[in-house]
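Architecture at a glance
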Amino acid sequence: MKQIVLALLANAGGVGKSTISTHIAYEVSKRGYTVAMLDLDPQRSLDVFCGLSPAEANLTTVELLSKDFKGDWSLVPVWDSKVEVCQGHPLLAEIANELVIRKRGEYSLADKLNKYSLPHNLIILDCPATLGMLNVNALAAATHVLVPVQLEMKAISGSAELVEWCISTSDELQLEPRPPILGFVPSMYNGVVAMHRQYLAQLPAIAERLGIKLYPKIRSSNEFKNASAYGLPLHKYRPKHPACKDFKLIVDDIIALIKEK
């Protein structure tokens, strides 16, 4: 089996990265595989989505990206599942500035994952909503990239720009192989909203032009917000809710990659 390192990248906030991260993690774990989620966002969204209290900086990804990290992983189990989380912290913003001037700063995360490897089948990198040094680190460490797309014109055009950024940055970092984009994920879809229907209809042509797979939409539902208020994935909060099935094809593809020899 292969270890997959999946970076969820977007160049805008509020596009559903943490929602998608946590639900993929939970469903992969329910199929019998182990998952580690690394929160690279200074806003530490995963604390909310996983029902975790804020952690001291030395117990977060701040320590992971520090010069002094020696493989002492701080991983917190969540949801009585095979999912563990390395929490984020606001000091990640300062670490990002430090990485700019550090030798091999772009490869800090990749170097740590190579030297102090985790045993998990899937590692999910939940990234901030910028294309700064933290996301450069995520790209350098990733085996695959997943791009959530909000159904608004600015977000859709931004997603196309993000693809170009992934290609150019991978080339600048001389990543071999270049981490492929697993697909676009239309997120927070509301079929009542005409604009959502219109942009969803345009996405297949955009994805085809870019040569990227387009996954089925993740619907908008207040139940996602209700579940996150309890620090739970929807699968545990409302297991029979139809939106639980929205992540199936993404998880199918991830598990197929894990099973590759």
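Residues numbered from 1 in each chain as written. Predicted model: local features only at pLDDT ≥ 70, side-chain atom pairs only at ≥ 80, totals over all residues. Heavy atoms only, no water.

In the nomenclature of an unreviewed UniProt entry, the protein corresponds to Sporulation initiation inhibitor Soj from the organism Nostoc cf. commune SO-36.

Here we come to the pairing of strand β1 (residues 4-8). In regular strands, side chains alternate between the two faces of the sheet. Of all five residues in β1, five are buried; the element is thus mostly enclosed. Judged by which residues are buried, β1 turns out to be covered on both faces: Ile4, Leu6 and Leu8 on one side and Val5 and Ala7 on the other are all buried. Summarising the sheet, β1 and strand β5 (residues 122-126) pair through five bridges and their orientation is parallel. Residue pairing for β5: Ile4 is matched across the bridge by Leu122. (Buried < 20%, exposed > 50% of the residue type's maximum accessible area, 1.4 Å probe, protein only. Helix = DSSP H or I, 4+ residues; strand = E, 2+ residues; numbered from the N terminus. Pairing = 2+ DSSP bridges.)

Within the open sheet, the seven strands sit side by side as β3-β4-β2-β5-β1-β6-β7. Their pairing is mixed. The strands lining the two open edges of the sheet, one partner per strand, are β3 (76-78) and β7 (181-187). Across the sheet, the axes of successive neighbouring strands diverge by a mean angle of 25°, strand direction being ignored. Relative to β7, strand β6 (residues 144-150) runs parallel, the two sharing six bridges. Looking at β7, one finds that Val145 is bridged to Ile181. Sitting on the sheet, helix α1 (residues 17-30) is in contact with β1, β2 (35-39), β4 (83-86), β5, β6 and β7, with an inclination near 170° to β5. (Axes fitted to C-alpha atoms, helices over the stretch in contact; angles between N-to-C directions. Contact = heavy atoms within 4.5 Å.)

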